[in-house]
Amino acid sequence: MDDLFLKKCSDCGGSTSYKTISQKFEREGMRISISGIKAIVCENCGEIYFPPGGADKLTAAANSMFELAKVENQHKGLIKAGIG
Ligand SMILES: [Zn+2]
């Protein structure tokens, strides 16, 4: 699995490291923040790389949160979710 991770940024060639990051999503005035996501981040330009399928899973998680927000009428404010 580790072999699949980038050792160098494909954008700028900078060195990358494995970090825990948070990502924000916004839709229809609702904001969602998901933290505790493991990703490869370029030390130089800040480009974020997810493991294969990681970005899709993150998008799916965000979509689920937006659906929950609609049901719960939590349209205003920031919804935070954490992993780990
Ligand atoms: Zn870079």
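Let me begin by describing the structure that accompanies this report.

Some details on helix 1 (residues 54-71)
Here is step 1 of the chain: Counted at 1.5 Å a residue, the expected span for helix 1 with its 18 residues is 26 Å, and the 26 Å between its end C-alpha atoms agrees.
Here is step 2 of the chain: Every buried residue belonging to helix 1 is among A62, M65 and A69, and all of these are buried. Buried residues in helix 1, looked at end-on, bunch into an arc of 60 degrees, giving them a common side. Opposite the packed face of helix 1, turned more than 90 degrees from it, sit the exposed residues D56, K57, A60, S64, E67 and V71.

Quick look at unusual backbone geometry
Here is step 1 of the chain: Here the phi dihedral of E28 falls at roughly 50 degrees; this positive angle occurs in a residue that is not glycine.
Here is step 2 of the chain: Among the structural elements, E28 can be located in the loop between strand 1 (16-27) and strand 2 (30-42).

Quick look at the environment of G13
Here is step 1 of the chain: Mapped onto the secondary structure, G13 falls in the segment before strand 1.
Here is step 2 of the chain: Judged by the 10 C-beta atoms lying within 10 Å of it, G13 is exposed.
Here is step 3 of the chain: In the structure, G13 is positioned 29 residues away from C42 in sequence and 8.7 Å away in space, judged by C-alpha atoms.

Focus on the pairing of strand 1
Here is step 1 of the chain: Little of strand 1 sits out of view: just 1 of its 12 residues are buried.
Here is step 2 of the chain: As paired elements, strand 1 and strand 2 share 12 bridges and run antiparallel to each other. Note on strand 2: the bridge partner recorded for F25 is I32.
Here is step 3 of the chain: The loop that links strand 1 with its antiparallel partner strand 2 comprises 2 residues; one of these, E28, has a positive phi angle of about 50 degrees.

Calculation rules
Residues numbered from 1 in each chain as written. Predicted model: local features only at pLDDT ≥ 70, side-chain atom pairs only at ≥ 80, totals over all residues. Helix = DSSP H or I, 4+ residues; strand = E, 2+ residues; numbered from the N terminus. Expected span 1.5 Å × (residues − 1). Buried ≥ 20, exposed ≤ 12 C-beta atoms within 10 Å, placed from the backbone. Arc of directions from axis to C-beta. Pairing = 2+ DSSP bridges.

Everything listed here is a matter of coordinates, which is why it stays silent on function.
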